[in-house]
Structures are given as C-alpha cells and as structure tokens.
Amino acid sequence: MAVPEPSEWLDRELYSRQLPVLGLPAMQRIREAKVLLSGLQGLGAEVAKNLVLMGVGSLTLHDPHPTCWSDLAAQFFLSEKDLGKSRAEASQKRLAQLNEAVQVFVHTSDITEDLLLKFQVVVLTASKLEEQLTVGALCHKHGVCFLVADTRGLVGQLFCDFGEEFTVHDPTEAEPLTAGIQHITQGSPGILTLRREDKEHSFCDGNLVTFSGIEGMVELNDCSPRPIRVQKDRSLEIGDTSTFSPYLRGGAVTEVKRPETVRHKPLDRALLQPCVVAPSAREVHHAHCLHQAFLALHKFEHLYGRPLQPWDPVDAEIMVTLARDLEPLKGAEEEPLDEALLRTVALSSAGVLSPMAAILGAVAAQEVLKAISKKFMPLDQWLYFDALDCLPEDEELLPNPEDCAPKDWRYDGQIAVFGAGFQETLSHQRYLLVGAGAIGCELLKGFALVGLGAGASGGVTVADMDYIERSNLSRQFLFRPWDIGPKAEVAAAATRDLNPNLEVIAHTQVLDHTTEHIYGDNFFSHVDGVVAAVDSFEARHYLAARCIHYLKPLLEAGTQGTKGSASVFVPHVTEVYKGPISAEASEDAPTLVCTMRYFPGTYEHTLQWARNEFEGLFRLPAEIINRYQHRASTSLADVDLTSLKPVLGVLRVRPQTWQDCVVWALGHWQLRFCDDIIQLLRLFPPDKVREDGTPFWSGPKQCPRPLEFDISQDMHFLYILAAANLYAQMHGLPGSSDQIALRALLKLLLHTDRPHLAPIFTGELAESGPEQSKELQESLEVWSKGPALKPLVFEKDEDSSFHMDFVRAAASLRSQNYGISEPVDYAQSKRIVSQIIPAIATTTAAVAGLLGLELYKVVGRPRPIGAFRHTYLDLAENRFQRSVPSAPAIQKFHHLEWTGWDRLNVPAGQPERTLESLLAHLQEHHGLKVRMLLCDHALLYSAQESPESQAQYLPLRVTELVQQVTGWVPEPGQRVLVLELSCEGEEDNTAFPPLHYELW
C-alpha cells in the first residue's frame, strides 16, 4: 500500500468492527499476548472462543479430563464422538479454525511454576479451590494476571487478580473529549472560548488537555498536557499564555486520558475479605451470600469427593450447614446468611447451562483483554451473577431428583437444573430467529446446545438476506474463512452440525412489509416465539408489530462496542416494545449540504464531503456516460452535464495511460484544495461582515485557506495515488502502487510548465455559460465513444482498493483547508465514513446468553412479570443492570380497558357480515359508535358522509368493500383483516386496539 500504516501486522478488514472499540495500541498488545486457559467445559470453551475470535496471539489449553455427557450441554467444540477423549485435545482443532492468525496449543502435563512464567494471563475455570489458591499465589508472586471463573447451575463467579500495581492506560471506552476553539486570550491565565456548537461540553476542572491546529498561538500546538478550570460561562482557563503569540484562528482542544492504577489482593486474602462489584448495599449482601455458597460447595466436594446431586435435599442441607459454619467475611457488615438462597443454589448447582457459560465466558474473556491491553478498568475483584429467577416461584413446580438424574444424554447438564420434563417442552418449540449476524450466530449456537426445537415437532427458522463478508469472521462464530454464500444458509448448516437433531430452516428473504405473503398468517401460526438479532430500530419495530399482531413473545438484543442490552416482551405480561423509531437524530441527521460543501466545522463534515466526492467522481459520472452511450436518442435533455465537470477535469480526451490518470488527479487536487478555496474567498473575503456588523467568518464558520501541493506531505501524496488509481479503475486502465515511480512522475509534472494542469472546466462555485455547456456536450461525445466505464461502488472493507485511502486523504486535506483538527486513528476515520457500529465478540456472546435465560422463562409454564428481566451491561465499565420489565400500559374509554397487546376480535360469519352489521356489532357488544373505519390508511367508512353515500357502502360485505376501496386481494391462508377505527367521544390521545376481522 502507498503510505504504509504502522499496523501491517493487523488484518484491518477482519477486525473492522473491533478496532473502533479497542484501538490499534490495544490490538497490538493483544496480538502479541500469550494466555493459558485451564478447564475446557462449557465456560472454558466460551472464554477460548472469544479470545480466539478477537485475535489473541496464542492460547494454550489445559484440560486432561475426559469428555462426559454433561459437558455437551454447553461445550460446543465437543460432540458424542469425543466422549472419553481429553477435552482440551478434542477442542483444539475446531477452536483453531476460528482464526488462522491465532496459535492454539495444548498442554498435557501439570501446571507448574515454570509453565506460568511463559504467560501474561492465566485463567482457571471449573477448578478446585486448592488449585486456585496454589496457581493464584504463584501468579501474584510473578506478576502474571490471574482469573478464576466458574458456574454452578444458575449462579456464576469471576475473580480477577492483576497484581499489586496494575496500570490502566485507557480506563473508559469513551473517546477523549474534543472541541473547536473560537478564541484564546493572552494572559495569566489564558481564557479559551469554545465554538458555539461545542459550548455544552463535558470538560471538568482538573482535566488535562492538549491543543492542535491553532494558527497564531502556535506555542500551544502539541504542548505538554495542561490542566484546565471550567468557568461559569463554560470557557476554559488553560494556564499562562501571556508570552505566546496572538491567537489568529482555528484549532481544537482535546482531553488527555489519565492512566489509573489498580491494586488487587491475592486470592487467599480476597476470599476472606471480598471486594464485589455490586450497585447497592442489598446487592453487596446478596453477592456475599453467593461468595459463601461457592466456598461451601468447594468444601462439600473436598469432604465428600463428589459434587452435590441434582435437587437432593440431603446434600443441600449439608451444604447450607457448611456455609453457616464458615468464617465470617472480614470488612462485611454482620448480616445473616440468606439460607433460602443458599439452599436453592445447592439444589440446582449440579447443572451446566449454556446461557450461563456464555455470559460468564464473555465477561471473563473481556477481563483477559483488559489484562493484556491495559484498556478499560478491570473488575475489582469479584463478580457474582445469578439467574435463579429462571426457576419456578411455586416450590411445588420445582424439579425432583428423579426427573433430574443423568440419562447419558447431551442435555444432562441442563436436565440437572430443570428436569427432563422441561427438556421435552423445549424440544417441541418452533422459533423464528431474524438475523444471522454476530448475535444471531451466538443464539443459534445456544439453541443447538439447549435443544430448542430439537424434537420431532420442533424446529428453528432463521431469516437473513445478507451475505458473509470477511469482516464478519471476528464475531460471527458459525462462519469460517472458507464459507461463502447467504448467512442464513451457512448458519443453518453450521447449527445442524452442532446438533444433528435440530431442524433449522434458512430463509434468505427480508422480513418486512414486502414479504408478508411469505411470513404471513400460515407462517406465524407455526411459530411459538420470535428472537430479533437485527441491527436497525426500524427492523425491531416491524418485528415487534408482528409479534403484537400474532401474540408471540419477542426476545430482542443489541450491542454497541462493550455495551449491550437484552430484553423480553411477553403478550399480556410485559410492556410492548417501545424502542426509538431510528437512531438518534443527532447522529444520523444528514449534514446540511451548504455546510458540508463550503462551511465545514467538524471532521465528520469533511469526511462526509470526501465520501460525496468519491460518488461524484467515480460512480455517478460513469453511470451518466454509460447511459448516454446506450441511449436510442442523442438528446441531452435529461443529462446533468455539470456533474461531468470534475471527472473530465484537465483532460480533453479519455485517459489512455497511467500518466493521464496522474495528470487528472493532480489537476483535481489543484481544483479542490486550492482553486475552489480561492474562488470561495472572492465571494466571501476574510474581512467580510454581515449586516449586523459581526464577522462573516465567525462562530461555526471557519475562514479557509488554499493549500499548495507538497509532495513531501503524506496526505497530499496519498490523495494523488488513490485518486489516480480510482480514475484508472473507472476507465478500465491498469493502475500502480509503485510509490517511487509515482514520486518521480509527480516531480517531473510539477517542474515543467503547468498550463496543462489547469482544469478546462471551472469549479462548482463558478457559473456555467452556454459555451461551457457546449464544451461539456462535446466532451461527453468523446468519452462515450470508448468502452463502457466502470462505476465504482464504495467498499469500506477493501483496504487494497484505494477507496478508504481516497476518502481519508480528501477529508484530511479539506480539514487542513479549514483548520479542523482530525483524528490520528485510521480506524476512527473508517468508522465514521462507513457508519460502522463498533462491535466485539464478548458483548455479543453476553447478550445472547442473557436472552437464553429469558428463553427458559418464556418456554416454561406462564410466569408472572417479576420473573422476567431486561438487562443492560457495559463490559468496559463493569456495569450490569437487571430490572423487571414494566407491565403493559392500560388505556381506558368509558367501560373498555385494553393494553397494547389487545385487539377487538369480530368474526366475519357465514354468510359474511356487511359493513352495517359490523358497525352494529361494535356498538352492541363494545359500546363503540364508530366515526371512521380504515384499512391500511384507506377510508372505508365515515359517519360524516351523506346518507346517500353511506347507503352505497353499508350493504356491502366487509371484504367486498375493502377490495373496492383498496384493491386488496387476500393472500393464501390469510386469516385476519386488520382494520382501524375512530369512535365518537374519544380524546386526542386515545388509540383504540386494532379490529381483527376474522375471515375464518
């Protein structure tokens, strides 16, 4: 590649979603890291999978124990064929296939002190307490970061010891604050005034900041970080500037993140004086009880040489007694143990559950990344998680030991918690999963492990119209580098490999209003629930509306970087889905064209301008010329000739050689970054004032300056290289990546007479007269005589195609024109211009696991609202918020009450009722005097119409009326016609439930 990046070791396309989360420095440390993972049951497999997907340098597996039936409930690298084999050795090959850049080894001997010294991080899962204490002490002694992770049925724990002094370079996921500068005074202290759009900033007293792009007071540019004080008017005190040059214009102030030091206790001390992550005193006590429960479980196993038996009341009472006899925790308030909690933990502790492994495995893997990358604050030091709300509230409905006994079946680990009867219920479910991306792949893996729909009458349908791209592979677990084709089909096949008993049907048609003939009444009549793993609010709203229409439960999850959410919506039990209609307007609203073209104020503005430049140079003109080439008539009436000006540039004929393309690129550079700016300043001189006397170039409008081409400047050179190659691609000519040859050619062009570099056609600010239109027509004729041009479609993930290089260089040059500060991180530029949603495998796995827990509740017997949980998590900042959903909002009208889940059901009858009969039925049975009746926004009836008009419609059958008014044709198998009504006496905010006119 031309101007080389400092990260040639990194596959940017593969990690395009992960890079915005972690950044290049963290990714480099991750790629060089060595991790030891001991324990390859379900939890260990989850940790390993996440680390390999995210590109850790090497992972050494340790688990000599043989695979047993209970492992298969959560360990997706193992199958019945691996029973009796070492878990680690049986998992190695499948794990290594996830990422060819990661080395995966197996260690078959004991863990020794010498072995531990080879790793930066050591993780123990499903280990004995004695081993945890021994390995933890050695790791603490030698400065090796140490983690313990474990799940027992519906509870889990995670412990982190990163040593006595662990420095976190970047404590939060948030980007450093940055703001544009309006003015800086000379004084002690100097006062910095921010540009108007940045005045509502979040800077705080004591923040450290640096400066860039300032003209005049250049002494501040790239200075050492300075502390600030925020004034009442939101201006900033920035220290002594009295000896600096006067401020002229431009520049940005940027926060400098401060490193933080973390001090962790070794495991032996942390066991007796645990510091737990919990948001409230009540939750701290709950976590302390779970802490004691795990200690009691270890003590039981040490005394009896075996784990507790599933739902054995005798074993449970012994465990509770052991917990009661434990030494009190130091530093904790004297509160009695919650023995009911301990008893429930004991009874259900023998199980191994896929959702619990996914959640704890995701958090553990994220903590490993924190240890390696020194990015984000680690846990301090214990995290406890329980999902005991998955169990029935009624004790009579709890499983019994006989129902939970092992059966030498792949679901034994799950049966140990919920019983064989519940497993049978799971197997008969029929679910629709929409989206086979990152979350969708994790959910399908979970469905296969829990046996959802794996019975004769069950099944899963997965719908996704997208195709697999290389950038998917770092998060979308079911796909491999050799996989090509639709995501739904590949994911379905991979899921069947995980569980051959599960029937998975793939649909590649989008699920929206256009495909309701496919996903209609018949389809949804064979669906028990819907899971949404989609990446837009519009898609979520549509699926939620379908679930409301068909009264199906909806499970929904989403992620952004290390943040994630998982929600459940159950008919008549919880609220209906009420997410935003679209992403926040402040983020998605298009920038005003005038601002973006002539008065950019932010780097985002220049990136969008550069992205539009790409379209206007390399796609749209080619399409216009090709259309003109193939037209039957030679009329130019519908050809936008002005859009051809830039692509013709300095050339009077089509380019024939690489040198022609370089000449064009150099001429366009001159036009865009010099001549256009000079023209703009002629129209709006630097000293121009408005009618009110204020300077025109003030506030968000920064006065630009023309640039002079400098071959020694990286972005100047990169622009020519990228633009010339793209121009060559469009014209079907060979390009070149030879930097040395290009520099020599540019020097030759720049040192000869340069009239040939002057554009034939003036810039976009100049008026086009008849003569220019005539020249454009002549040029169009010339360009149309050659082969068809190739319109270039912007590809954000093809780093070798020069697409991102062009946009990045153009945005950088535009920013230099306007004195706008630009990020140094390529990944950030790419994320902005490509509208990439940051994503990481750990968050994806966690939210999928959380939905798996809610699935247990939805599939079982009807549950009260208190059983369900909405969850929000932030793995970077160690926040885990779980809450009971709101109940459905009740609306009232006279004697009627309804919620968003309700509808008015009216049978069509045999023979079918008329409109008059329908109106009479609504008044007689529901007390509703209809004022208006609509179908798909089309008016069927209005009480305001004249009696003569009404007389034409009232005798008609309802379906006949709908056909006449809307042209409706019933779909095969359609059971319901949905009508909307407005009634006399309603208030403005009244929204009546839909009328379901039942056809049969």
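Residues numbered from 1 in each chain as written. Predicted model: local features only at pLDDT ≥ 70, side-chain atom pairs only at ≥ 80, totals over all residues. Heavy atoms only, no water.

### Quick word on the overall build of the protein
Turning to step 1, where the next piece is worked out: Scanning the protein from N- to C-terminus turns up 32 helices and 31 strands.
Turning to step 2, where the next piece is worked out: Burial status across the protein gives 55% buried among its 1000 residues.
Turning to step 3, where the next piece is worked out: Considering only contacts in the protein between residues 6 or more positions apart, those separated by 24 or more positions represent 73%.
Turning to step 4, where the next piece is worked out: In the form shown here, the protein has an accessible surface area of approximately 42,700 Å², with 52% of it arising from carbon and sulfur atoms. (Helix = DSSP H or I, 4+ residues; strand = E, 2+ residues; numbered from the N terminus. Buried < 20%, exposed > 50% of the residue type's maximum accessible area, 1.4 Å probe, protein only. Contact = heavy atoms within 4.5 Å. Areas by Shrake-Rupley, 256 points an atom, 1.4 Å probe, with all protein chains shown as cover.)

### A word on the sheet that holds strand 14 (residues 252-256)
Two pairing modes exist for strands in a sheet, parallel and antiparallel, and in both the strands are linked by backbone hydrogen bonds.
Turning to step 1, where the next piece is worked out: Ordered by their spatial adjacency, 7 strands build an open sheet running 11-10-14-8-9-13-12, and the pairing between neighbours is antiparallel. Bordering the open sheet on either side are strand 11 (226-227) and strand 12 (229-230), each of which pairs with just one other strand.
Turning to step 2, where the next piece is worked out: The sheet contact formed by strand 10 (residues 208-212) and strand 11 spans 2 bridges and is antiparallel. The partner of V209 across the bridge, within strand 11, is R226. (Pairing = 2+ DSSP bridges.)

### A word on the confidence of the model for the protein
Turning to step 1, where the next piece is worked out: Averaged over every residue, the pLDDT of the protein is 87; the share at 70 or more is 89%.
Turning to step 2, where the next piece is worked out: The model gives residues 582-592 a pLDDT under 50, and that stretch makes 6 contacts with residues more than four places away or in other chains. (pLDDT = per-residue confidence, 0-100.)

### As for the pattern of salt bridges
Turning to step 1, where the next piece is worked out: According to the stated counting rule, one finds 42 salt bridges in the structure shown.
Turning to step 2, where the next piece is worked out: With a closest N to O distance of 3.7 Å, D528 and R430 form a salt bridge. Of this pair, D528 sits in the loop between helix 16 (521-524) and strand 20 (529-532) while R430 is found in strand 17 (residues 430-434), placing the two residues 98 residues apart along the sequence.
Turning to step 3, where the next piece is worked out: A salt bridge links K445 to E442, with the nearest nitrogen and oxygen atoms 2.7 Å apart. With K445 and E442 both in helix 14 (residues 438-450) and 3 residues apart, the pair spans about one turn of that helix.
Turning to step 4, where the next piece is worked out: Overlapping salt bridges bring together D389, E854, K857, R869 and R882 as one network. (Salt bridge = Lys/Arg side-chain N within 4 Å of Asp/Glu carboxyl O.)

### Topic: the nonpolar core
Turning to step 1, where the next piece is worked out: Core analysis: the biggest nonpolar cluster contains 171 residues, and L59, V122 and L154 have the highest contact counts within it.
Turning to step 2, where the next piece is worked out: Ignoring any residue separated from it by four or fewer positions in sequence, one finds L59 in contact with V35, L37, A48, L51, V52, L95, Q103, V104 and F105.
Turning to step 3, where the next piece is worked out: Counting 60 residues, the second largest nonpolar core, distinct from the first, contains F599, W669, M730 and Y818. (Core = buried A, V, L, I, M, F, W, Y, C linked by side-chain atoms within 4.5 Å.)

### A look at the packing of helix 8 (residues 281-304) against helix 10 (residues 339-348)
Turning to step 1, where the next piece is worked out: Where helix 8 meets helix 10, the axes come as close as 10 Å, and the angle between the chain directions of the two elements is 45 degrees. Comparing their axes, helix 10 and helix 8 come out oblique. Both helix 8 and helix 10 take part in a crossing whose hand is right-handed. Listed contacts from helix 10 to H286, C289, L290, A293 and L297 of helix 8 are L341, L342 and V345.
Turning to step 2, where the next piece is worked out: Grouping the amino acids of the contact of helix 8 with helix 10 by side-chain chemistry returns 7 nonpolar, 1 polar and no charged. (Axes fitted to C-alpha atoms, helices over the stretch in contact; angles between N-to-C directions. Parallel < 35°, antiparallel > 145°, perpendicular 65-115°, else oblique. Left-handed = near helix turned anticlockwise from the far one by under 90°. Nonpolar A, V, L, I, M, F, W, Y, C, P; charged D, E, K, R; others polar.)

### A short note on the sheet that holds strand 27 (residues 904-907)
Turning to step 1, where the next piece is worked out: Read across the sheet, 5 strands follow the order 27-31-30-28-29 without closing on themselves; strand pairing throughout is mixed. On the outer flanks of this sheet lie strand 27 and strand 29 (938-942), each paired with one strand and no other. The mean inter-strand angle of the sheet, taken between neighbouring strand axes irrespective of direction, is 30 degrees.
Turning to step 2, where the next piece is worked out: Taken together, the 4 bridges between strand 28 (residues 930-935) and strand 30 (residues 976-983) define a ladder with antiparallel strand orientation. Pairing of M932 across the sheet is with S982, part of strand 30.
Turning to step 3, where the next piece is worked out: Lying on the sheet, helix 30 (residues 915-926) is in contact with strand 27, strand 28, strand 29, strand 30 and strand 31 (995-998); it crosses strand 27 at an angle near 135 degrees.
Turning to step 4, where the next piece is worked out: With respect to the sheet, helix 32 (residues 958-966) is in contact with strand 28, strand 29, strand 30 and strand 31, its orientation differing from that of strand 29 by roughly 130 degrees.

### Quick look at the side chain of S348
Turning to step 1, where the next piece is worked out: Mapping S348 onto the fold places it in helix 10.
Turning to step 2, where the next piece is worked out: Residue classification places S348 among the buried positions, given a relative accessible area of 1%.

### Some words on the packing of aromatic side chains
Turning to step 1, where the next piece is worked out: If you walk through the whole model with that rule in mind, you get 33 aromatic pairs.
Turning to step 2, where the next piece is worked out: Summarising the aromatic geometry, the rings of F294 and Y384 are spaced 5.9 Å apart at their centres and angled 50 degrees between planes, so their arrangement reads as tilted. You can see F294 sitting in helix 8 and its partner Y384 sitting in strand 16 (residues 382-386), a full 90 residues away along the chain.
Turning to step 3, where the next piece is worked out: Note on F696 and W697: the rings are 5.1 Å apart at their centroids and 90 degrees apart in plane angle, and the pair reads as edge-to-face. As far as the burial class goes, F696 and W697 line up, both buried.
Turning to step 4, where the next piece is worked out: One aromatic cluster in this structure is built from W609, F614, F618, W664, W669, F673, F709, Y719, Y727, F794 and F806.
Turning to step 5, where the next piece is worked out: R743 extends its terminal NZ or CZ atom over the ring of F717, reaching a point 3.9 Å from the ring centre. (Phe/Tyr/Trp six-rings, centres within 6.5 Å; stacked < 30°, edge-to-face > 60°. Lys NZ or Arg CZ within 6 Å of the ring centre and 35° of its normal.)

### Points about helix 29 (residues 841-859)
Turning to step 1, where the next piece is worked out: Given a rise of 1.5 Å per residue, 19 residues ought to cover 27 Å, and the 27 Å separating the end C-alpha atoms of helix 29 matches this to within 8%.
Turning to step 2, where the next piece is worked out: Burial runs high along helix 29: 19 of the 19 residues are buried. (Expected span 1.5 Å × (residues − 1).)

### Focus: the pairing of strand 1 (residues 34-38)
Turning to step 1, where the next piece is worked out: Burial runs high along strand 1: 4 of the 5 residues are buried.
Turning to step 2, where the next piece is worked out: Across 5 bridges, strand 1 lies against strand 2 (residues 58-62) in parallel orientation. Bridge pairing in strand 2 places V35 opposite L59.
Turning to step 3, where the next piece is worked out: Judged from the 4 bridges that link them, strand 1 and strand 4 (residues 121-125) form a sheet pairing that is parallel.

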